[in-house]
Amino acid sequence: MRAIMWFIRLLLFILLFGFAIKNDHLATLNFFFGGQWQLPLVFVILVSFAAGALLGVTATFASLLRQRREISQLRKQLERAERERVATPAGPTADIQIPGLP
């Protein structure tokens, strides 16, 4: 299984490397106020991909923090409820009187 994963990684690397070699043309990025940058197209694609991945990780991280905070609050509520249940004497169940039953 490890050999198959390494083969897939090698194949993916070769494909991406070939893509980078084929797209070495210069791309001009135009900014406001007449600013321009000329960069290789593969670099522009790489930076765009990295920025998107970073944005996705940031959005996921914010959601993860919210979920962890909620889980922490729920655990505290559960511990409090368990302490109250232990502190309250249960007593025998035969003492419970239900109206309408003998």
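As the structure is a prediction and not an experimental result, all values here were calculated from the model.

Trainee: If you had to explain the overall build of the chain to someone new, which residues and values would you point to?
Mentor: Within the chain, the regular secondary structure consists of two helices and two strands. Reading the helices (α) and strands (β) of the chain from amino to carboxyl end gives α-β-β-α. Taking all 102 residues of the chain together, the buried fraction comes to 4%. Within the structure as shown, the chain displays about 9900 Å² of accessible surface, and the carbon and sulfur contribution to it stands at 69%.

Trainee: How would you explain the pairing of strand S2 (residues 36-40) if you had to name every residue and give the values?
Mentor: In this structure, strand S1 (residues 26-30) lies alongside S2, joined through five bridges in antiparallel fashion. Its bridge partner being in S2, Leu 26 is matched across the sheet by Pro 40. Linking two consecutive strands that pair antiparallel, namely S1 and S2, is a turn of five residues; a positive phi of about 60° is found at Phe 33 within it.

Trainee: An account of the packing of aromatic side chains is requested, with residue identities and associated values reported.
Mentor: Overall, the coordinates contain two aromatic pairs when judged by the stated rule. For the ring pair Phe 13 and Phe 17, a centre distance of 5.9 Å and an interplane angle of 15° mean the geometry is stacked. Of the two residues, Phe 13 and Phe 17 are both situated in helix H1 (residues 2-22); the distance of four residues between them amounts to about one turn of the helix. Judged by relative accessible area, Phe 17 falls into the partly exposed class, the value being 46%. For the ring pair Phe 31 and Trp 37, a centre distance of 5.3 Å and an interplane angle of 75° mean the geometry is edge-to-face. Among the residues examined, Phe 31 registers a relative accessible area of 46% and is labelled partly exposed. Directly above the ring of Trp 6 sits Arg 9, whose terminal nitrogen or CZ lies 4.9 Å from the centroid.

Trainee: Lay out a nonpolar patch on the surface in plain terms, naming residues and giving numbers.
Mentor: A cluster of nonpolar side chains, namely Met 1, Ile 4, Met 5, Phe 7, Ile 8, Leu 11 and Leu 15, defines an oily patch on the protein surface of about 760 Å² accessible area. Its place among the elements puts Leu 15 in helix H1.

Trainee: Which residues make up unusual backbone geometry, and what values go with them?
Mentor: Of note in this structure, Phe 33 is not a glycine but carries a positive phi near 60°. Tracing the backbone through its elements, the reader meets Phe 33 in the loop between S1 and S2.

Rules used in this analysis
- Counting from 1, residues in each chain are numbered in the order their sequence is written.
- Where totals are concerned, whole chains, interfaces and linings use all residues; where local detail is concerned, this predicted model gives features only for residues with pLDDT of at least 70, and gives and counts side-chain atom pairs only at 80 or more.
- Hydrogens are left out, water is left out, and the side-chain values use all remaining heavy atoms of the structure.
- Starting at the N terminus, helices and strands are each numbered in turn, a helix being any DSSP run of H or I of at least four residues and a strand any DSSP run of E of at least two.
- Buried, partly exposed and exposed residues are distinguished by accessible area as a fraction of the type maximum, computed with a 1.4 Å probe on protein chains only: under 20%, between the cut-offs, and over 50%, respectively.
- Computed with the Shrake-Rupley method and a 1.4 Å probe, the accessible areas treat only the protein chains shown as cover for residues.
- Two strands are said to pair when DSSP picks up at least two bridges between them.
- Two rings from Phe, Tyr or Trp (for Trp, the six-membered ring) form a pair when their centres sit within 6.5 Å of each other. Planes less than 30 degrees apart are called stacked, planes more than 60 degrees apart edge-to-face, and all others tilted.
- Geometrically, a charge over a ring is one whose NZ (Lys) or CZ (Arg) sits within 6 Å of the ring centre while staying within 35 degrees of the ring normal.
- Patch definition: residues above 30% relative accessible area lacking any salt bridge, with like charges linked at up to 9 Å and the nonpolar side chains Val, Leu, Ile, Met, Phe, Trp and Tyr linked at up to 5 Å.
- Definition used for salt bridges: Asp or Glu carboxyl oxygen within 4 Å of a side-chain nitrogen of Lys or Arg.

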